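Okay, here's what each chain looks like letter by letter:
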Amino acid sequence: MTEGKQEELAAERARLEYARDCLARNREEMLATAESMTARGDDPDMIAWLYRRAFQLEDRDDAPLFFGRVDGPLPEPVYIGRRYVGDGDREPAVIDWRTDMAARFYRATAATPMEVTHRRRYGFADDHEMTGFDDEHLADLSADAGLSAFVRKEIELAHYGPMRDIVATIQPDQDHIVRLGVHDSLVVQGGPGTGKTAVGLHRVAFLLFEHHQVRRQGALVVGPNDTFVHHISRVLPALGEIDCRHVSVAGLVGAENAPVDDPAVASVKGDARMATVLDRALRSAVGRWTGEFVIKDTSPYVRVQPEEIEYLAGDLLRERRPFGPARDLLRERIAGRVRRKLEIRGRSLSDSATRKLGGAKQTRAVVEAIWPVLKPRDVLFRLYSDPEHLAACADGLLDAAEQRALTWSKPPATAARAKWTAADHVLLDEVASLLDVGQRFGHVVLDEAQDLSAMQLRAVGRRCLGTATVLGDLAQQTTPWGRPSWEDVLALLELPGEVATLNTSYRVPQQILDIANRLLRVIAPDLPTTTSARSASDAVSLAPVPDGGPTEVARLLADLVRTLPVDKGSVGVIVADADVEALRGALRAEGVEPVGADEVDRDHRLALVPVGVVKGLEFDNVVVVDPHRVIGMGGTGLRLLYVALTRAISRLTIVHTAPLPDVLGL
Ligand SMILES: Nc1ncnc2c1ncn2[C@@H]1O[C@H](COP(=O)(O)OP(=O)(O)OP(=O)(O)O)[C@@H](O)[C@H]1O
């Protein structure tokens, strides 16, 4: 490093120190204000907000206070960080990456410099000590400059542990999506490693910052499974957003650890027609009043005819009121009816007398008799255990075979004893939503959306009060119930929206994509192939183990993990689900203890992952064992292989004990 650059580095380190001091002062001021407001007995909401802000302003040492700088738009350089830091004179020492000014850091190009003369990115050691910086002079930048060496290095850093934020290196195509408004929902379709997940998470952080409504109503992030949720769970907190709820699709409907149905049965349960079946089942629970209903507390007595009660109940059903609260409404409407009857006869009933009548024992008895208090499980229990009832509710919707698929051969004694499957929980959630309105969020991010059933999509959609960001790749669809198009997905979420596409992969080097794209032409010929921003001539290697078994494969893997330098990162060994246990045993015999995908660290670098749960995950080094076994897993085998091959950030090794499938073209 030249002397001049050394001096500049020292000045930048001093600037970082200064930003830290400013942050500490901002926080002290915030706390002092909160304390004096508490002493004065001011608005508790405001005080709580101040304490929360002060908490957010803690220098948590989890990330440097700024990561970039632009020169040009203002007389002084502008420093960009994960959050705003004021300098005490109401001027920013660091601006938040989500502001318009910061957008220039991400978007300025040689062709459109946006008044930026140069862009600086800082490098940091693990302890957040600034180690250097990288400058881009916009005037010198060629139009097809591609990824800067700095960004490339950042992507290729060894990955141990959960996903990191990419706030310092968001690329222009990604930034465009991050900052799109919330007028409509947005689907982001993109090939493997194009940054969909990262973009979705940064987008929700942006929306929480930019849109008061979203902040007030909160945000929800839904991922495919718990391993994935763990993988992404640090990104939003690192961006200062600590309140966003993360949940798996199963967790959303309380189906954690639930058994799974046979795919054919799950497909019926996940079909959109089930929504109508359930709706009919619930409505059919409303009975008829056949007895006498004479109010004797009034003068004259008032008789309400059974048809009138039926009419009032029918009205509530037609209005599609939530079934639970509709009960109370029915009592009120019966009382209102009595009042009108009296008025016709020239008498009156006060508001309080009408209310009293609605709550009277006699009115309650009528409502209880015709409008039952139901739990979701009661509704499903009856459908699954009473074929005649199911036939009535499914008439014209499900054929006989589909009805048989739903019917229990040995019904449990009671609904409480039933063992509900994962797909059942989605249906129970649907019934719960008909009974009453549940919690809803201002913005929902749904990842790997291509795999959700129609009923799962409905479950996500009804939690969305505003808009959603839907992320996925139709080529990576590996469930039999996944939807064929994004238009279909949006329709099931009941959200209007648009589709945006990401075409550049930042994770997967071109050499690996070349192989994956051969598969893509077979599994999704209509989708465009993905190109990579990175190329690495040593990215792919083949390791034939002719006629070998788990022992030989484990020996090879043990050698690989022992000789791989620690700075080359994690190793994900991806195998057909049925082969996991045999390989685990063989690895142990070789003295290697494999861990789960969410347990990888420097001391436990090798994760053994069934291909069925590897979606969305990534490793520096990926070893795919026996592609022919993955393909042999069934109808979606080729797609599973496509997912497996594209999990690598730096290197892919294909270990094969049998000849490689022709489709790989190797
Ligand atoms: N602009 C970027 N700067 C640094 N790293 C990036 C950038 N974009 C993506 N990455 C990294 O590339 C990897 C892939 O990103 P991500 O998981 O969001 O892609 P994806 O499109 O959801 O992939 P897939 O569909 O294969 O699961 C992540 O490690 C992410 O941090």
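Residue positions are counted from 1 within each chain, in the order its sequence is given. In keeping with the model being predicted, local features are shown solely for residues with a pLDDT of at least 70 and side-chain atom pairs are shown and tallied solely at 80 or more, while totals for entire chains, interfaces and linings include all residues.

Peer 1: How should I be thinking about the packing of helix α13 (residues 306–318) against helix α14 (residues 323–344) in this particular structure?
Peer 2: Describing two packed helices takes the angle between their axes plus the distance from one axis to the other. Between α13 and α14, the shortest axis-to-axis distance is 10 Å and the interhelical angle comes to 135°. The angle between the axes of α13 and α14 places the two elements in the oblique class. Handedness of the α13/α14 crossing: right-handed. Between α13, through E308, I309, L312, A313 and L316, and α14, the contact on the second element is made entirely by A326, L329, L330, R333, I334 and R337. Three categories are distinguished: nonpolar for Ala, Val, Leu, Ile, Met, Phe, Trp, Tyr, Cys and Pro, charged for Asp, Glu, Lys and Arg, and polar for the others, with Gly belonging to the last. Its residues assigned to classes, the contact of α13 with α14 comprises 8 nonpolar, no polar and 3 charged. Geometry is summarised by axes, namely lines fitted to C-alpha atoms with helices restricted to the contacting stretch, and by angles between N-to-C directions that run from 0 to 180 degrees. A run of H or I in DSSP counts as a helix once it spans at least four residues, and a run of E counts as a strand once it spans at least two, with each numbered from the N terminus. For classification, angles of less than 35 degrees are called roughly parallel, those exceeding 145 degrees roughly antiparallel, those between 65 and 115 degrees roughly perpendicular, and all remaining angles oblique. Crossing chirality is assigned from the near helix's rotation relative to the far helix, an anticlockwise turn below a right angle marking it left-handed and a clockwise turn marking it right-handed. Two residues qualify as a contact pair if the distance between their C-beta atoms, derived from the backbone, is within 7 Å.

Peer 1: Any chance you could explain the environment of L138 here in plain terms?
Peer 2: With respect to the element layout, L138 can be found in the loop between β6 (130–137) and α4 (149–156). Judged by the 20 C-beta atoms lying within 10 Å of it, L138 is buried. Taking the C-alpha atoms as reference, L138 lies 39 Å from E29; in sequence the two are 109 residues apart. Discounting residues that sit within four places of it in the chain, L138 has contacts with A108, A110, P113, V116, T117, H118 and R119. Here the C-beta atoms are placed from the backbone, and a residue counts as buried if at least 20 other C-beta atoms lie within 10 Å of its own, exposed if 12 or fewer do, and partly exposed otherwise.

Peer 1: How should the domain arrangement of the protein be read in this particular structure?
Peer 2: Here the protein is partitioned into domain 1 (3–170), domain 2 (174–256 + 440–502), domain 3 (263–279 + 375–421), domain 4 (288–370) and domain 5 (510–664). Boundary definitions for the domains trace back to an automatic or database domain assignment. A C-alpha centroid distance of 55 Å is found between domain 1 and domain 3.

Peer 1: Got a minute to help me understand the sheet that holds strand β14 (residues 497–502) in this structure?
Peer 2: Backbone hydrogen bonds hold the strands of a sheet together, and the pairing may be parallel or antiparallel. For two strands to be treated as a pair, DSSP must find at least two bridges joining them. On the basis of which strands lie adjacent, the open sheet formed by 6 strands has the order β9-β8-β12-β13-β7-β14 and parallel pairing. Every other strand in the sheet has two partners, leaving β9 (245–248) and β14 as the edge strands with one partner each. Each adjacent strand pair in this sheet contributes to an overall mean axis angle of 20°, direction not counted. Strand direction decides the pairing type here: strand β7 (residues 185–190) and β14, joined by 6 bridges, are parallel. Bridge assignment links V187 to a residue of β14, and that residue is V499. Sitting on the sheet, helix α22 (residues 486–493) touches β7, β13 (464–472) and β14, and the angle it makes with β7 is about 150°.

Peer 1: Is there a simple way to think about the site of the ligand in this case?
Peer 2: Using a C-beta atom placed from the backbone for every residue, we mark a residue as near a molecule or strand if that atom lies within 6 Å of it. Around the ligand sit 23 residues, and of these T169, P192, G195, K196 and T197 come closest. Broken down by class, the residue content of the shell around the ligand amounts to 8 nonpolar, 10 polar and 5 charged.

Peer 1: Would you mind going over the pairing of strand β2 (residues 78–81) with me for this structure?
Peer 2: For a regular strand, the rule is simple: side chains alternate between the two faces of the sheet. Here β2 shows two buried faces, one formed by V78 and I80 and the other by Y79 and G81. Judged from the 3 bridges that link them, strand β1 (residues 68–71) and β2 form a sheet pairing that is antiparallel. Paired with V70 across the strands is V78, a residue of β2. Between the end of β1 and the start of β2, which pair antiparallel, lie 6 residues, with G72 showing a positive phi angle near 130°.

Peer 1: Explain the UniProt feature "binding site: ATP" (unreviewed entry) in the protein to me, please; I cannot follow it from the model alone.
Peer 2: The residues that UniProt annotates with the feature "binding site: ATP" (unreviewed entry) are G190, G191, P192, G193, T194, G195, K196 and T197. Note on placement: G193 falls in the loop between β7 and α6 (196–210). In this structure G193 comes out as buried when scored by C-beta crowding, with 28 C-beta atoms within 10 Å. You can see T197 is positioned in helix α6. UniProt positions are given in the numbering used here, feature names are shortened, and annotations may be inferred rather than shown by experiment.

Peer 1: What's the story with the sheet that holds strand β3 (residues 85–86) in this structure? I'm lost.
Peer 2: Strand order across the open sheet formed by 6 strands is β3-β4-β2-β1-β5-β6, with mixed pairing between neighbours. The open sheet is flanked by β3 and β6, the only strands paired with a single partner. Alignment of strand β5 (residues 118–124) against β6, held across 7 bridges, turns out to be antiparallel. Residue pairing in the sheet places R120 in a bridge with D135 of β6. Against the sheet, helix α1 (residues 3–40) touches β2, β3, β4 (92–96), β5 and β6, its axis set at about 105° to β6.

Peer 1: For this particular structure, what's the right way to read the nonpolar core?
Peer 2: It is characteristic of soluble globular proteins that their nonpolar side chains tend to be buried jointly. With 166 residues, the main nonpolar core has I80, V204, V573, I574 and A644 as its most contacted residues. Contact partners of A644, with chain neighbours within four places excluded, come to I574, V611, V614, V624 and V630. Structurally, a nonpolar core is described as a collection of buried Ala, Val, Leu, Ile, Met, Phe, Trp, Tyr and Cys residues joined by way of C-beta atoms within 7 Å.

Peer 1: Mind showing me how you'd approach the confidence of the model for the protein here?
Peer 2: Across the protein, the average pLDDT comes to 91, with 99% of residues at 70 or higher. Reported for the predicted complex are a pTM of 0.90 and an ipTM of 0.98. For every residue, the predictor reports its confidence as pLDDT, a number between 0 and 100.

Peer 1: Could you clarify how one ought to interpret unusual backbone geometry in this entry?
Peer 2: The bulk of non-glycine residues show a negative phi, and the bulk of peptide bonds are trans. One non-glycine residue, R320, adopts positive backbone phi at about 55°. Positive phi, close to 50°, is recorded for E448, a residue that is not glycine. Examined against the element boundaries, E448 turns out to sit in the loop between β12 (441–446) and α21 (454–461). Its 25 C-beta neighbours within 10 Å are what place E448 among the buried residues.

Peer 1: Is there a simple way to think about α22 in this case?
Peer 2: Every buried residue of α22 is listed here: V489, L490, L492 and L493. Buried residues in α22, looked at end-on, bunch into an arc of 165°, giving them a common side. In the stretch just after α22, E494 is the one whose phi turns positive, near 60°. Directions from the helix axis toward the C-beta atoms define the arc.

Peer 1: In this structure, what is going on with the UniProt feature "domain: UvrD-like helicase ATP-binding" (unreviewed entry) in the protein? I would like to understand it.
Peer 2: Residues given the UniProt feature "domain: UvrD-like helicase ATP-binding" (unreviewed entry) here are residues 169–509. Along residues 169–509 one finds 50% helix and 12% strand; the C-alpha atoms at either end are 17 Å apart.

Peer 1: Looking at this model, I keep getting lost on the environment of A394. Mind explaining?
Peer 2: Tracing the backbone through its elements, the reader meets A394 in the loop between α18 (387–393) and α19 (400–406). By C-beta crowding, A394 is classed as buried, having 23 other C-beta atoms within 10 Å. The sequence separation of A394 and T276 amounts to 118 residues, and the corresponding C-alpha distance is 8.0 Å. Contacts of A394, omitting those with residues within four sequence positions, involve V277 and Q403.

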